[in-house]
Amino acid sequence: MAKSNKKKPEIFTKEYWSKQWKNALINLAIYFSVLIAGILLDLLTKHFIYKEGYTGSSPDHIVYESSFIRLWSVFHAGTTLEIGLTMTGLHIVSILIILATMVITLFFRDKRYRWTVASIALVASGAFGNMYDRFAYGGVRDIINLPWANKGTFNIADTWLVFGAVTAFLSIAIISLINWYQSKKNKTEDTTSKNEKVDEDIEFNSDNKIVVVDSIERGTGPLEDPNHNFND
């Protein structure tokens, strides 16, 4: 049986990882640093603001209130944005988000994408924070309400999910645009350099022709002698 000549994807080759392993480790270090910091901030704010043991869906235990923000306790068995998943489904989605974002960080080669790594780590920390609540309490502890928006009560984990997703998208879009512009600029510079080289060659040949013609007119060139042998 003839061997298949199908080429393996680059990411499955030793050559790829021999060049990428340092970037992968740095990306993972950034990822886990942001992930842990995000989780801690979410869990600590819930610990100090949320009323221990409260399972009501109506606001209770108001810690702070103003026209801009209110801090209180609301227990939520679902998600801030209702997506119709069961508790098991929410756990599965959360785990997939954490695993997927972690694996993705291994493949960013451009150093500028480290901002993207931090952003998707925030998404993962948000997924973990709410998943922890569902495992430990059977629902999510929400503590923040914005009276001027009146869009329900949420927590820091929800903030990480939204903020991380938006900044990840923006960073990828901006970096891709920068890379496209630099690529286009480099192509333009290469084309200009080649054109300048051609112009120099033309100018050089033109100068040689002028020297030959001038030599002939002065009677110092090989054509001054009609019997000159050009093979000499």
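On a predicted model such as this, the values are computed, not experimentally measured, just so you know.

A. Molecular detail of the environment of T101. Along the chain, T101 turns up in helix α2 (residues 87-104). Spatially, the C-alpha atoms of T101 and I120 are 6.0 Å apart, while their sequence positions differ by 19 residues. In contact with T101, other than residues within four places in its own chain, are Y31, I120 and A124. Among the polar contacts listed, one links the side chain of T101 to the side chain of Y31, at a separation of 2.8 Å.

B. The nonpolar core, seen in detail. In this structure, Y31, L35, I98, F108 and A124 are the most contacted members of the largest nonpolar core, which totals 14 residues. Among the elements of the structure, α1 (14-49), α3 (114-137) and α4 (156-218) are those that each provide at least two residues to this core. Counting eleven residues, the second largest nonpolar core, distinct from the first, contains Y50, Y54, L122 and I143.

C. Broad picture of the packing of α1 against α3. Where α1 contacts α3, the axes come no closer than 8 Å and their chain directions differ by 40°. With respect to each other, α1 and α3 are oriented oblique. In the packing of α1 onto α3, the handedness of the crossing is right-handed. Here the residues of the contact of α1 with α3 sort into 15 nonpolar, six polar and four charged.

D. Expanded view of the side chain of T101. Judged by its relative accessible area of 9%, T101 is buried. A polar contact is formed between the side chain of T101 and the backbone oxygen of I98, at a distance of 3.0 Å.

Here is what the cut-offs are and how they apply
- Residues numbered from 1 in each chain as written.
- Predicted model: local features only at pLDDT ≥ 70, side-chain atom pairs only at ≥ 80, totals over all residues.
- Heavy atoms only, no water.
- Helix = DSSP H or I, 4+ residues; strand = E, 2+ residues; numbered from the N terminus.
- Contact = heavy atoms within 4.5 Å.
- Polar contact = N/O pair within 3.5 Å; in protein donor to acceptor, adjacent residues only side chain to side chain.
- Core = buried A, V, L, I, M, F, W, Y, C linked by side-chain atoms within 4.5 Å.
- Buried < 20%, exposed > 50% of the residue type's maximum accessible area, 1.4 Å probe, protein only.
- Axes fitted to C-alpha atoms, helices over the stretch in contact; angles between N-to-C directions.
- Parallel < 35°, antiparallel > 145°, perpendicular 65-115°, else oblique.
- Left-handed = near helix turned anticlockwise from the far one by under 90°.
- Nonpolar A, V, L, I, M, F, W, Y, C, P; charged D, E, K, R; others polar.

Purely spatial values, then, with no claim about function.
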